[in-house]
Amino acid sequence: MAPRLKLRDIAFFERPVQFARPFRFGAITINATPQLFVRVEIEVEGRGSAVGASAELLVPKWFDKRPELSPAQTVDGLRRSLEIARGLYLARTGYLTAFDLHALSIGAQVATCANKNIPALAAAYGPAEIDKAILDALLRAADTSFFDGIAGNIAGIDARLSPDLKDADVATFLAGRKPLPRVAIRHTVGLDDTVEGEGGVADARENADANYFKLKLSGDPASDAARLARIGKELDTLGRAYKVTLDANEQYADLAALGALMDRFDRDPALRPIASRLLYVEQPMPRDITRQSPLGSLAAYGFTIDEADDSYDAFPAARALGYRGISSKSCKGLYKSILNATRAAKWTTGAETFFVTGEDLTCQAGLAVQQDLALGAFIGVTHAERNGHHYVDGFGETPAADAAAFAAAHPDLYADAGQGIRLAIHDGGLLTGSLNVAGFATSVHPDWSALRPLEQPTSLQEYLA
């Protein structure tokens with residue numbers, strides 16, 4: 001039986017994060033954005049109280065890309081999602097499992113956010129961050145690690161939100177997991193990033209000797225093809241077997257535009273370095289167009305959804321349209337990642353393969369990257385996009401004492417080579433050994449006194465009035 005708990009408190013904090021270089025994806029360029037921190041206090045039945053934590057960037061114009069909203073307004077939508085979720089979770093006053101709290105709240109969360117003009121993907125952000133902090137506290141109370149705790153289903157995960165699965169499917173998947181000791185990084189190449197020469201995609205000081213690369217697309221077949229040809233030429237100078245993924249962030253307008261790009265892969269020799277190493281194409285079209293557009297013959301190229309993953313039925317719906325994969329991001333919900341990984345394992349046969357990918361929405365050093373890395377390692381993500389270390393200077397504005405505490409507690413993940421504490425990437429990958437500690441992949445919490453309270457959001461209804 002999964003232990004039951006009561007929530008005693010949920011508190012939100014934030015810290016500004018300045019980027020070391022612009023990060024352009026889709027129609028947005030980010031130079032700075034706040035990082036969220038969540039602190040929860042719980043009482044575990046028969047085990048006393050415990051404190052848990054989580055963190056994630058408040059990323060503009062990804063959860064909500066509506067053109068009439070400014071980047072700051074979409075960040076406020078995430079803050080509003082958090083506040084709504086806080087009220088719903090704290091309203092549950094009895095003892096419940098961690099997954100009970102999530103399952104009993106997610107429907108009301110999405111509905112309440114919809115009434116406030118917040119889309120489903122942004123609505124899920126609040127519960128996702130609270131769930132991670134609750135799980136951290138629960139694991140600490142039980143003195144067990146994320147890997148062991150989830151394998152034993154300490155959260156009480158079941159199939160009530162995914163009726164295509166059975167409870168036994170979930171239990172079998174969890175019990176059979178053996179977390180990966182190492183996860184390869186997939187280096188992000190943003191739309192404004194340098195391609196050739198010093199600081200370019202083949203520069204080891206930039207790509208950290210990665211063997212996997214994630215290349216952003218703009219949505220224009222001709223310009224994307226020309227840029228990919230340049231990138232392929234550079235990557236071929238590495239002299240090693242690399243693989244690539246493509247990410248359009250919803251920028252391809254429709255199947256015709258997408259088909260025009262994929263046709264170039266078939267007939268343009270300059271694209272052969274990329275085409276021959278392509279693993280999949282991520283979220284090519286807008287989420288609403290995606291739901292209405294079966295891929296047909298294009299499905300042969302391998303596509304995944306990301307922004308269209310805004311509900312528990314998104315993966316089965318995408319599968320019916322010809323998609324083979326779905327992304328895992330802890331900012332979309334760790335329980336959804338686990339259930340989608342259960343589906344991929346169940347659906348995969350000798351004739352068909354389904355998969356879950358690891359995509360990093362700039363998880364920053366410390367809590368965010370550690371919890372997302374642990375989640376991916378548990379569900380079997382062998383390589384994951386890791387761009388937080390690339391676009392932010394180490395721990396950024398994190399106090400030096402905080403950064404030093406994380407480095408001391410997780411020496412296989414961080415190192416100081418004379419330019420401050422940064423992620424330690426070993427032969428193109430991250431080690432997960434030190435994440436196997438009591439709690440959700442962390443031995444330490446941030447200095448709460450060094451953080452400022454979450455800013456009060458202005459509702460999107462007021463913005464759009």
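Each remark here, short or long, concerns the structure printed above.
Residues numbered from 1 in each chain as written. Predicted model: local features only at pLDDT ≥ 70, side-chain atom pairs only at ≥ 80, totals over all residues. Heavy atoms only, no water.

Caption draft 1: How the structure looks around the overall build of the protein chain. What the protein chain contains, in helices and strands, is 17 helices and 15 strands. Since a compact globule built from 465 residues should have a radius of gyration of about 23 Å, the 21 Å found for the protein chain is in line with a globular shape. Taken along its principal axes, the extent of the C-alpha atoms in the protein chain is 65 × 50 × 50 Å. By residue count, 59% of the 465 residues in the protein chain fall in the buried class. Restricting to contacts in the protein chain with at least 6 residues of sequence separation, those with at least 24 account for 76%. Total accessible area on the protein chain stands at roughly 16600 Å², and carbon and sulfur atoms take up 51% of it. Measuring between centres, the 48 positive side-chain charges of the protein chain sit 3 Å from its 58 negative side-chain charges. (Helix = DSSP H or I, 4+ residues; strand = E, 2+ residues; numbered from the N terminus. Rg over C-alpha atoms; globule rule 2.2 N^0.38 Å. Buried < 20%, exposed > 50% of the residue type's maximum accessible area, 1.4 Å probe, protein only. Contact = heavy atoms within 4.5 Å. Areas by Shrake-Rupley, 256 points an atom, 1.4 Å probe, with all protein chains shown as cover. Lys, Arg positive; Asp, Glu negative; His and termini not counted. Charge placed at Lys NZ, Arg CZ, Asp CG, Glu CD.)

Caption draft 2: Representation of the pattern of salt bridges. The final tally for this structure, using the stated rule, is 40 salt bridges. For Arg 386, the salt bridge is made with Asp 360, and the minimal N-O distance between the two is 3.6 Å. Here Arg 386, found in the loop between strand S11 (383-385) and helix H15 (388-391), pairs with Asp 360, found in the loop between strand S10 (355-358) and helix H14 (367-379); they are 26 residues apart in sequence, far enough to count as distant. We note that Arg 386, like Asp 360, is buried. (Salt bridge = Lys/Arg side-chain N within 4 Å of Asp/Glu carboxyl O.)

Caption draft 3: Geometry of the sheet that holds strand S1 (residues 5-25). Taking strand neighbours across the sheet as the criterion, the four strands line up as S3-S2-S1-S15 in an open arrangement whose pairing is antiparallel. One side of each edge strand has no neighbouring strand; the edge strands of this open sheet are strand S3 (48-57) and strand S15 (452-453). In this sheet, strand S2 (residues 28-44) lies alongside S1 in antiparallel orientation, the contact comprising 16 bridges. Bridge pairing links Phe 12 to Val 38 in S2. Lying on the sheet, helix H4 (residues 125-141) is in contact with S1, S2 and S3; it crosses S3 at an angle near 140°. (Pairing = 2+ DSSP bridges. Axes fitted to C-alpha atoms, helices over the stretch in contact; angles between N-to-C directions.)

Caption draft 4: Quick look at the nonpolar core. In this structure, Phe 63, Phe 146 and Tyr 414 are the most contacted members of the largest nonpolar core, which totals 146 residues. Every residue in contact with Phe 63, bar those within four places of it in the chain, is listed here: Leu 78, Pro 119, Leu 121, Ala 122, Tyr 125, Arg 287, Cys 331 and Leu 361. (Core = buried A, V, L, I, M, F, W, Y, C linked by side-chain atoms within 4.5 Å.)

Caption draft 5: Focus on the packing of helix H8 (residues 221-235) against helix H9 (residues 255-267). Between H8 and H9, the least distance of the axes is 9 Å, while the angle of their chain directions is 30°. The angle between H8 and H9 places the two elements in the roughly parallel class. The handedness of the crossing between H8 and H9 is right-handed. When H8 is examined against H9, the residues Pro 221, Ala 222, Asp 224, Ala 225 and Leu 228 are found in contact with a partner set consisting of Ala 257, Ala 260, Leu 261, Arg 264 and Phe 265. Its residues placed into classes, the contact of H8 with H9 shows eight nonpolar, no polar and two charged. (Parallel < 35°, antiparallel > 145°, perpendicular 65-115°, else oblique. Left-handed = near helix turned anticlockwise from the far one by under 90°. Nonpolar A, V, L, I, M, F, W, Y, C, P; charged D, E, K, R; others polar.)

Caption draft 6: Broad picture of the layout of surface pockets. Each pocket or cavity is described by its volume, and for the largest pocket that value is around 590 Å³. Lining the largest pocket are 21 residues, and of these Arg 205, His 389, Gln 419, Arg 422 and Leu 423 sit closest to its centre. Only S1, helix H7 (204-207), H15, strand S12 (414-416) and strand S13 (421-423) provide two or more residues apiece to the lining of the largest pocket. Residues of the lining of the largest pocket, tallied by class, amount to eight nonpolar, six polar and seven charged. Reported here for the second largest pocket is a volume of approximately 360 Å³. Breaking the lining of the second largest pocket down by element, the ones donating at least two residues are strand S7 (278-282), helix H13 (334-347) and S10. For the lining of the second largest pocket, the residue count by class is 13 nonpolar, seven polar and three charged. (1 Å grid on protein atoms, 1.4 Å probe; cavity = no way out; pocket = protein on both sides within 12 Å on 5 of 7 lines; lining within 4 Å. Points joined across faces, edges and corners; volume = space filled by probe spheres on them.)

Caption draft 7: Fine view of the pairing of S10. With four bridges connecting them, strand S9 (residues 325-328) and S10 associate as parallel partners. Counterpart to Gly 325 in the pairing with S10 is Phe 355. Following the chain from S9 across H13 to the adjacent parallel S10, one finds a crossover that is right-handed. (Right-handed = clockwise from strand over helix to strand, strands pointing away.)

Caption draft 8: The arrangement of the environment of Leu 413 in detail. Position of Leu 413 relative to the elements: it lies in the loop between helix H16 (400-409) and S12. Residue class for Leu 413 comes out buried when judged on its relative accessible area of 1%. Sequence separation between Leu 413 and Gln 370 is 43 residues; the distance between their C-alpha atoms is 8.7 Å. In this view, Leu 413 contacts Gln 370, Leu 373, Arg 422, Leu 423, Ala 424, Leu 430, Leu 431, Ser 434 and Leu 435; residues no more than four positions away in its chain are not counted.

Purely geometric stuff here, so don't read any function into it on its own.
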